[in-house]
Amino acid sequence: KTPFFSGLTAMEKKLAEYKCNTNEAIQLKLVRFPEDLEDDNTTFNPEYSHQVFGDDEVAFGYKGLKILLYYIAGNLSTLFRIEYTSKVNEKFDCVEADDVESKIREIIPPGFCTNTDDFVSLLEKEVNFKPFGMLLHTYSIHNEEAGEDITYQIYKADMTCPGFREYHERLQTFLMWFIETASFIDVDDERWNYFLVFEKYNKDGATLFATVGYMTVYNYYVYPDKTRPRVSQMLILPPFQGEGHGAQLLETVHRYYMSSPTVLDITAEDPSENYVKLRDFVLVKLCQDLLCFSPVKLMQGFSQEMVTEAQQKLKINKQHTRRVYEILRLRATNMGDAEQSRSYRLDVKRRLIGPYKKKQRELAKMRRCLRPEEMTNQLNQIDLNLQREQLEESFQQLVSDYRRVLERLAQA
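Now for a description of the structure that goes with this document. From a predicted model like this one, the values you see are computed outputs, not experimental measurements.

Things to note about unusual backbone geometry
Alright, step 1. In this model, Y223 is joined to P224 through a cis peptide bond whose omega is -5°.
Alright, step 2. Its location among the elements puts P224 in the loop between β12 (206–222) and β13 (226–236).
Alright, step 3. At D270, a position not held by glycine, the phi torsion is positive, near 45°.
Alright, step 4. Among the structural elements, D270 can be located in the loop between β14 (267–268) and α9 (273–287).
Alright, step 5. Phi at K315 is positive, roughly 60°, even though this residue is not glycine.
Alright, step 6. Assignment of secondary structure puts K315 in the loop between α11 (304–314) and α12 (318–332).
Alright, step 7. Judged by its relative accessible area of 6%, K315 is buried.

Section: the packing of aromatic side chains
Alright, step 1. Summed over the entire model, instances satisfying the criterion amount to 22 aromatic pairs.
Alright, step 2. Summarising the aromatic geometry, the rings of Y62 and Y84 are spaced 5.1 Å apart at their centres and angled 55° between planes, so their arrangement reads as tilted. In this pair, Y62 is assigned in strand β5 (residues 62–63) and Y84 in the loop between β7 (78–83) and β8 (86–87), connecting sequence segments 22 residues apart.
Alright, step 3. Following the ring pairs from residue to residue traces out a cluster consisting of F129, F132, Y155, F164, Y167, Y194 and F198.
Alright, step 4. Directly above the ring of Y70 sits K29, whose terminal nitrogen or CZ lies 5.4 Å from the centroid.
Alright, step 5. Across from the ring centre of F281, 4.1 Å away, lies the NZ or CZ of R408, which sits over that ring.

Points about the packing of helix α8 (residues 245–258) against α9
Alright, step 1. It is the contact of α8 with α9, at a shortest axis distance of 10 Å, that shows an interaxial angle of 55°. In terms of orientation, α8 lies oblique with respect to α9. Considering only the axes of α8 and α9, their crossing is right-handed. Residue-level inspection shows G246, A247, L250, E251, H254 and R255 of α8 in contact with α9, the latter providing Y275, L278, R279, F281, V282, L283, K285 and L286.
Alright, step 2. The residue makeup of the contact of α8 with α9, split by class, is eight nonpolar, two polar and four charged.

Conventions used here
Residues numbered from 1 in each chain as written. Predicted model: local features only at pLDDT ≥ 70, side-chain atom pairs only at ≥ 80, totals over all residues. Heavy atoms only, no water. Helix = DSSP H or I, 4+ residues; strand = E, 2+ residues; numbered from the N terminus. Buried < 20%, exposed > 50% of the residue type's maximum accessible area, 1.4 Å probe, protein only. Phe/Tyr/Trp six-rings, centres within 6.5 Å; stacked < 30°, edge-to-face > 60°. Lys NZ or Arg CZ within 6 Å of the ring centre and 35° of its normal. Axes fitted to C-alpha atoms, helices over the stretch in contact; angles between N-to-C directions. Parallel < 35°, antiparallel > 145°, perpendicular 65-115°, else oblique. Left-handed = near helix turned anticlockwise from the far one by under 90°. Contact = heavy atoms within 4.5 Å. Nonpolar A, V, L, I, M, F, W, Y, C, P; charged D, E, K, R; others polar.

Taken by themselves, the reported measurements are silent on function.
This is the structure:
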């Protein structure tokens, strides 16, 4: 090897040391007490940072990079600081470090603190923070660690609430770190509704509120005089995940719209797998006591009565009602009984095969123009075998998802 090439690898090695994984570098906190600042247990990291730092989720030019984004638990006043042990030097290394600060500044609103003292003095004023909007629901969850019940509240807010616009700007930055395809919404559009979850906690004898999560819902107009609310974003902040807040929030939002005669039904925009599982649980919980879902009626198959009743009473749309029916019918079915289990399997597969059949018709049309008859039949045969396998796989996956919903329901 010529010395030049060995020099290059040494240089490359050196530069590789200056690459940092941004999901690890970004440290988030929700701060209630000054001592939380030093406590590593209160720190959590993003799941995603590709929207800010590119698909590699890497920041170049630093060793030991820490991007501190600390929020006061209630009103989310922000401390933003960057720390590192060393940085590449343009003069000697002939490369430039990424401008991490300006990338973060693009997504967090101005007016943040840059030093701890200012942040701690803001923390003292937190006792004045109160939730925005109208209280819809209060519930409590037993906390093992604290050995007591903790109270939570859900509020509906809008942009006319004083201070809410600025608060929402701080809150929505969390979407970037925890929702893969997140985008900020146009808050000047009045058809948005905002639902917020808060925890009540005590500090020096006073009751304070901490932000737990939120949901945004857009009200679409449906001719002639109805609206169709569509869930757009939903986030429970990581320290509170897995405690059942998502289900409480979604159920509360459903109940809020149920009381409105102008609402047709509720949908969701591009839902994630986790959201679908959550929705299955909440909707089954709401529907299980409707007369149209009695075991006898479930065994007679999916009916228009189910569609109408779920839509009118609970604002559930037809597609989701169909899933609710399949889950409740699974509960009413003895899968050990050959006849019952066959009947259930056929019923679900008949729905699953719909899209396949449509594709089949389109393919057949194309082939009639392109190929002789016997060729088409052979291909259809191959397709059918593949289709059967895929169908069986989809069915098995669904049943295991449905069973999880039923297990959670049994514990609720």
